[in-house]
Every structure is written in C-alpha cells, then in structure tokens.
Amino acid sequence: MASLTEILILHGALPIEHLDLISATPAAEAQAIGALVDDGVLSATQVARARAARAGVQFVDLTDLPVDRQAVALVSPTVLRRNRVLPIGFSGDHLIVATDDPENLPAIDDVRTASGRALTLVVAESADLEAALNRYLRADDELSDLTATFEEEQSKEEAAQSAFDTDDLEDEAPIVRFVNLLVSQAIQDRASDIHIEPAEHEVRVRYRIDGVLHEMQSAPKAIQNGVISRLKIMSDIDIAERRKPQDGRMSVSHGGRKIDLRVATLPTVWGEKIVMRILDNTSTTMSLDSLNLLPRNFEVYRRSYTKPYGMILVTGPTGSGKSTTLYTTLNTVSKPEINVITVEDPVEYRMPGINQVQVNPKAGLTFASALRSILRSDPDVVLLGEIRDHETAQIAIEAALTGHLVLSTLHTNDAPSAVTRLTEMDIEPFLVGSALDCVVAQRLARRLCERCKAPAEPDRAFLERVGFPLGMLDAVGGLLYGPVGCQACSQTGYRGRMALHEIMPVTEQIERLTVERASSAEIGRVAREQGMLTLREDGWAKCLEGWTSVEEVLRVVA
C-alpha cells in the first residue's frame, strides 16, 4: 500500500522535496505531515482526501452533507465520541460511517458491534468531523434523561412525604450535571446569553444565538430551586436572598479554555429568573480588522484613538457590541510604555498588561470614586465601562481635558444624540465640545453564511422605498446576496454577527453647535454634510459587499 506521503506527492499536494518522508515510520510521517499542515504547506482537506485515497474509500464534506439522524441514533453518543466516528446514513443494509482515520480498526470494530450492522466507511476532515459530532450528538438527550430522573425523584418524595432524608444529598449530582450541560451546550451553540425562566409548571431555558432567542429545553418545576441555588453558589451570590435582583460572575472550563459568565438574577412571580452572559474572549480576535469598518470610518476612528488625549464614546443599546469595540481599541493602543486603567461593572474580559478595576458600590467603590482615584495613578488611557450620571460624566470630561485618552459607552440611539445627552447631564456645553473627539454608534446585524449565501435580483421598488442607493446597486451588477440555509448555519442563512457603524468626529462646526446647545437633529444634519455615514447607509454598503442582507439591516436599524 502506498504511503500517505506518496499519495500527496502523486496528487501534486506535496512538493517532491518531501520524498524522504516515505521512509519514515508511520508515527514520524504523521507528525511531519501535521507540522506541514500547521505551516500552511498542506491543507487539512488535502490530507483527508489522501487518507481516503489510501484506504480506497470516498471523501465527504460534512459541512454541506445532510446527515440521517436515524443513523446517528443507532450508536450511543459515548461510543461515537470515544472513537471519533459519525454514522451519516444507510446504503442498503450497510451503515455509512464517517471517520478521519479509516485505519483505526479497533474503533471501527467497536462501532460495528454497537450498531449490529456492516459498515461502509467514508473519510472526512478532522475539524469538520468534530463540528458534526458536536452538532448531532447534542446534550439534549442527556438533559431529557436528567429531567425524567428529577420527575421520578419528585414523585418518590411526594409519596414519602418525609421532612428530611440524608439520601437527598445524592440529588446534587444530577443538578450539577444539568447545569454543566446547559452551559456547555450554550457555548457549543455559540450563544451569547442563557435565559433560565421559571414558569407556572416548568422551567424554560432559552439561548440567544446571533441576537435571536431560541427555546432549547424545558425542565420540571421540581428542578427550579436546585438549579437556581447551584448557579448562585457558582456565581458567589447570596442564595438566601430571593426578593431582590443580584449580580455575580463565574468561570467554567470548556474545550480546554476558560470562559467567564456574567450572571444576573431577577425575582419574578414564578421564582427567580437567571440570565447568564457568556464572555468568550477566546473567540474574539481583538483586532480592528475584525470590526469590519468601512475605509472612511476606519480612517476617522484611527485619527481619534491615536491621539494622546480626548474622549471617544461608543453608543448603542444593550447587546450592540459596545464592549467588544472598546476592548478591541484598547488592545490596539495598549503598549508597555503606557499605563492603561479600566473601571468596569463588571470586568467582562481579562486582558494582560492592563490594570482593571471592578466597581463595588457596597464598599463605596462607584464609577465616580474609582475614576477619581485612578486619575491619581498616572494613567495614559482610561476605559470607563459606562457614563451613568453627572458626577461620572464630569470627571471623565475633566480627565479628557487634562491629557488622558478616555474611552467609554453611553446609551443613545445615534452618534449626534451623545452630544445632547452629555449636556442633559448638566455638563457645560463648552466642556463637552472641547473634550469629546469622536462618537461611534453601532448595532449588530447577523452576517450571511459564507457557505450558502446566494445572489438574487432584489425588488427595486422596495429598495427605493427604504432608501437603498440604486445607483450603487447598478455599479455591482444589480444583484444582492440573501440568506439560503445549510447545515453550517442550521438552515438560518446567517452565521455570526457584524457591527454597523455611525462614526461622527467632533469637528469645529459641531463643537460650535454643541456650545450653542443645538438639537441632535441639527448636529446630525451637519455631520452628514461633512461625510458621516448613518447606521443605515453603513448597512447598505455592507449589503453591497455581500456581508449581510437588506432585511437584516432593516431589522436592527430604525
């Protein structure tokens, strides 16, 4: 049988100078090929195709291949994960099984025994196989089994009518497992938030994925108190207090990486609701390129954050990506020769080389008091989690006027409104005009799935009604991309999100309007005359680039 190296060279995937690998041991050859993949000399797909050719079986792309769930159900998830194989369908009486190593005979025998069928092997790329295993071997079945266990235990407890039994301590294990599965499944599904909501007869669990809530799991009412107490303990929240909202934080390990979760409780008529925000900074590149700024916006923003002093505000509603933009900017400006200090509530992403302070109102450490203190700690750059009141705004403005670069957030609908919001906080307009350098308003829109998006001719009358630039549409051939749906995006047509921006530099004319207490509408008119792109215009430009759809822009921008 030809070696993997010989097949790769024969197919033109590997340069002939690697011929010496043919005489290497299988382990050394595999290690060398792995290094070549890491170095970009080979692609993982080329190696998978070579493995398939060597074994004389078919190569499949699992990202677009429909998988028969009845085939998956024939073998337990434990066996499939242990052997890294996935049944994908049937061929007559044979079970078609995808693997990334067709020469792993013990694994193949294990699956053959477990399924009770003859197997037809196909080879898939390792990363695609791992993603497919995660997609089809979801934790839902195990969660369902656990909820059934809880219901049985509840029935036994009601029948016994006992006040206390030491055997009840064993109930903690399924509770812990249930919570771990919920969090693990949410991270696996790329969720940004987990909602655990008590109802009259059940507990509902929903995940927010790409900005949209999806109902994932329901549990019996009997589990409610145990789950809430478990989450409170993990988040260092007072489990005895059930009458008022509380906040906490916890960390979990998933897939070899540490992920932080911000936890908030809210008393409702049926019990405490818990919302967990997943702060997975390992999936964030923290590069300005990842913000998808248009060239004009990037240049305006770059001129602002490279200045040694002044204030930059990022505005938008909750969940619009303000923190990501600020942290990305902070990561860009942070250098060993400058002192960067943040004041946050809570600290969302831990960043090396940066001094991060978490406010603690119970101990008297508020945004204002913390900001006043850190200004005595010789900072060059200050990140303030949010400007909430007059005192915080006043100190932040003064910091920007005394030689510090201040980054912060504000809740306004657009960039011009940030100017008037500060003056409404009783900040003198001349101070706002002098300190404020740039305002970034943003929203998050779902990104079209790169695997399945398709061009189509849009309804021009509809586009004209919503203000889409038809002249620019003609310049790109009159076609716009729209969602289709495939396995990779769970048939939604969208995968991931991107920001739409409205970036307003505070020019001399806008500074003059600020001093004159002009309305946000007047400031916005002047900003647009000076070249500012509105949120919707930025969205139209990104539709023309094929990044998102017209419907998605209209969904997130008024």
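This structure is a prediction, so every number in the text was calculated from the model and none was measured. (Residues numbered from 1 in each chain as written. Predicted model: local features only at pLDDT ≥ 70, side-chain atom pairs only at ≥ 80, totals over all residues. Heavy atoms only, no water.)

## A look at the overall build of the protein chain
Within the protein chain one finds 22 helices and 19 strands. Nonlocal contacts in the protein chain, meaning residues at least 24 apart in sequence, comprise 64% of its contacts between residues at least 6 apart. Summing over all exposed atoms, the protein chain offers an accessible surface of approximately 26700 Å²; the carbon and sulfur share of this is 50%. (Helix = DSSP H or I, 4+ residues; strand = E, 2+ residues; numbered from the N terminus. Contact = heavy atoms within 4.5 Å. Areas by Shrake-Rupley, 256 points an atom, 1.4 Å probe, with all protein chains shown as cover.)

## Regarding the sheet that holds strand β19 (residues 494-505)
As summarised here, the arrangement of the seven strands in space is β13-β12-β14-β15-β11-β16-β19, forming an open sheet in which the pairing is mixed. The open sheet has two free edges, formed respectively by β13 (355-358) and β19, since each of these has just one partner strand. Strand-to-strand twist of the sheet, defined as the mean angle between neighbouring strand axes without regard to direction, takes the value 20 degrees. Of the pairings in the sheet, the one linking strand β14 (residues 381-384) to strand β15 (residues 405-410) comprises four bridges and is parallel in character. The residue bridging Leu383 from the neighbouring strand is Leu407, located in β15. (Pairing = 2+ DSSP bridges. Axes fitted to C-alpha atoms, helices over the stretch in contact; angles between N-to-C directions.)

## Some details on helix α11 (residues 295-305)
Within the sequence span of α11, burial applies to Asn297, Val300, Tyr301, Ser304 and Tyr305. Axial view of α11: buried residues confined to an arc of 125 degrees, hence all on one face. (Buried < 20%, exposed > 50% of the residue type's maximum accessible area, 1.4 Å probe, protein only. Arc of directions from axis to C-beta.)

## Observations regarding unusual backbone geometry
In terms of backbone geometry, most residues other than glycine have negative phi values and most peptide bonds are trans. In the Ramachandran plot, Asp210 falls in the positive-phi region, its phi being about 50 degrees despite a non-glycine side chain. Mapped onto the secondary structure, Asp210 falls in the loop between β6 (202-209) and β7 (212-220). For Asp210, a relative accessible area of 10% translates into the label buried. In this structure, Asp236 is a non-glycine residue whose phi angle is positive, near 60 degrees. If you trace the backbone, Asp236 turns up in the loop between α10 (224-234) and β8 (246-254). Residue Asp236 is classed as exposed on the basis of its relative accessible area of 72%.

## A few points about the nonpolar core
Across soluble globular proteins, nonpolar side chains have a tendency to be buried as a group. In terms of nonpolar packing, the biggest core is built from 42 residues, with Met311, Leu313, Ile387, Leu422, Leu436 and Met504 touching the most fellow members. Setting aside residues no more than four positions away along its own chain, Met311 makes contact with Ile387, Ala396, Ile397, Ala400, Val406, Ala435, Leu436, Asp437 and Cys438. Counting residues in hydrophobic clusters, the runner-up holds 28 residues, among them Phe178, Ala186, Ile237 and Ile259. (Core = buried A, V, L, I, M, F, W, Y, C linked by side-chain atoms within 4.5 Å.)

## Focus: the sheet that holds strand β2 (residues 85-91)
Where strands meet in a sheet, backbone hydrogen bonds hold them as pairs that are either parallel or antiparallel. Strand order in the open sheet formed by four strands is β1-β4-β3-β2, and the pairing between neighbours is mixed. Each edge of the open sheet carries a strand with a single partner, namely β1 (58-59) and β2. As paired elements, β1 and strand β4 (residues 119-123) share two bridges and run parallel to each other. From the neighbouring strand, Gln58 faces β4, where its bridge partner is Val122. On top of the sheet, helix α6 (residues 105-115) reaches β2, β3 (94-99) and β4; it is set at about 135 degrees to β4, its chief contact.

## Section: the UniProt feature "domain: Bacterial type II secretion system protein E" (unreviewed entry) in the protein chain
Those residues carrying the UniProt feature "domain: Bacterial type II secretion system protein E" (unreviewed entry) are residues 375-389 in this numbering. In the segment residues 375-389, helix accounts for 0% and strand for 27%; the C-alpha atoms at its two ends are 18 Å apart. (UniProt positions renumbered as here; feature names shortened; annotations may be inferred.)

## Some thoughts on the confidence of the model for the protein chain
A low pLDDT means the predicted coordinates there should not be read in detail. Summing up the model confidence of the protein chain, the mean pLDDT is 85 and the portion of residues at 70 or higher is 90%. Below pLDDT 50 for its whole length, residues 156-171 participates in two contacts with residues either more than four positions away or in separate chains. (pLDDT = per-residue confidence, 0-100.)

## Some points on the packing of aromatic side chains
The final tally for this structure, using the stated rule, is two aromatic pairs. Ring geometry for Tyr301 versus Tyr305: centroids 5.5 Å apart, planes at 65 degrees, classification edge-to-face. Linking Tyr301 with Tyr305, this pair stays in helix α11, spanning four residues, or about one helical turn. The two residues Tyr301 and Tyr305 agree in class, both being buried. Note on Phe468 and Trp540: the rings are 5.0 Å apart at their centroids and 55 degrees apart in plane angle, and the pair reads as tilted. Taken as a pair, Phe468 in the loop between α17 (460-465) and α18 (470-475) and Trp540 in helix α21 (residues 535-544) lie far apart in primary sequence, 72 residues in all. In this pair, the class of Phe468 matches that of Trp540, namely buried. The ring of Tyr494 carries the charged tip of Arg446 above its face, separated from the ring centre by 4.2 Å. In this arrangement the basic side chain of Lys453 is found over the ring face of Tyr481, its NZ or CZ atom lying 4.9 Å from the centre. (Phe/Tyr/Trp six-rings, centres within 6.5 Å; stacked < 30°, edge-to-face > 60°. Lys NZ or Arg CZ within 6 Å of the ring centre and 35° of its normal.)

## A look at the side chain of Ser417
Looking at where Ser417 falls in the secondary structure, it is placed in helix α15 (residues 415-424). Among the residues examined, Ser417 registers a relative accessible area of 17% and is labelled buried. Those residues in contact with Ser417 that lie beyond four places of it in its chain are Thr412 and Ser520.

## Comments concerning the side chain of Asp193
Position of Asp193 among the secondary structure elements: in strand β5 (residues 191-198). Look at Asp193 and you get buried, because its relative accessible area is 5%. Side-chain polar atoms of Asp193 contact the side chain of Ser192, separated by 2.8 Å. Beyond its immediate chain neighbours, meaning those up to four positions away, Asp193 contacts Arg206, Tyr207, Arg208, Val275, Met276 and Arg277. (Polar contact = N/O pair within 3.5 Å; in protein donor to acceptor, adjacent residues only side chain to side chain.)

## Here's the deal with the packing of α15 against helix α20 (residues 520-529)
Helix-helix packing is described using two parameters, namely the angle between the two axes and the distance between the axes. The geometry of α15 relative to α20 is characterised by a closest axis approach of 8 Å and an angle of 140 degrees between their N-to-C directions. Regarding the angle of α15 to α20, the classification is oblique. For α15 against α20, the interelement crossing comes out right-handed. Of the residues in α20, those touching α15 at Pro416, Ser417, Val419 and Thr420 are Ser520, Ile523 and Gly524. (Parallel < 35°, antiparallel > 145°, perpendicular 65-115°, else oblique. Left-handed = near helix turned anticlockwise from the far one by under 90°.)

## Comments concerning helix α13 (residues 367-374)
In terms of burial, α13 is largely enclosed, as six of its eight residues are buried. By the burial criterion, the buried members of α13 are Phe367, Ala368, Ser369, Ala370, Leu371 and Ile374. Looking at the packing, one finds that the buried side of α13 touches β12 (340-344), β13, β14 and α14 (390-401).

## A few points about the pattern of salt bridges
Evaluated as defined, the whole model comprises 28 salt bridges. The salt bridge involving Arg249 is made with Asp260; its shortest N-O contact spans 3.1 Å. Pair noted here: Arg249 is in strand β8 and Asp260 is in strand β9 (residues 257-268), with a separation of eleven residues, a long-range link. Arg249 sits in the buried class, given a relative accessible area of 15%. Through salt bridges with shared partners, a single network forms among Glu197, Arg204, Arg206, Glu215 and Lys273. (Salt bridge = Lys/Arg side-chain N within 4 Å of Asp/Glu carboxyl O.)

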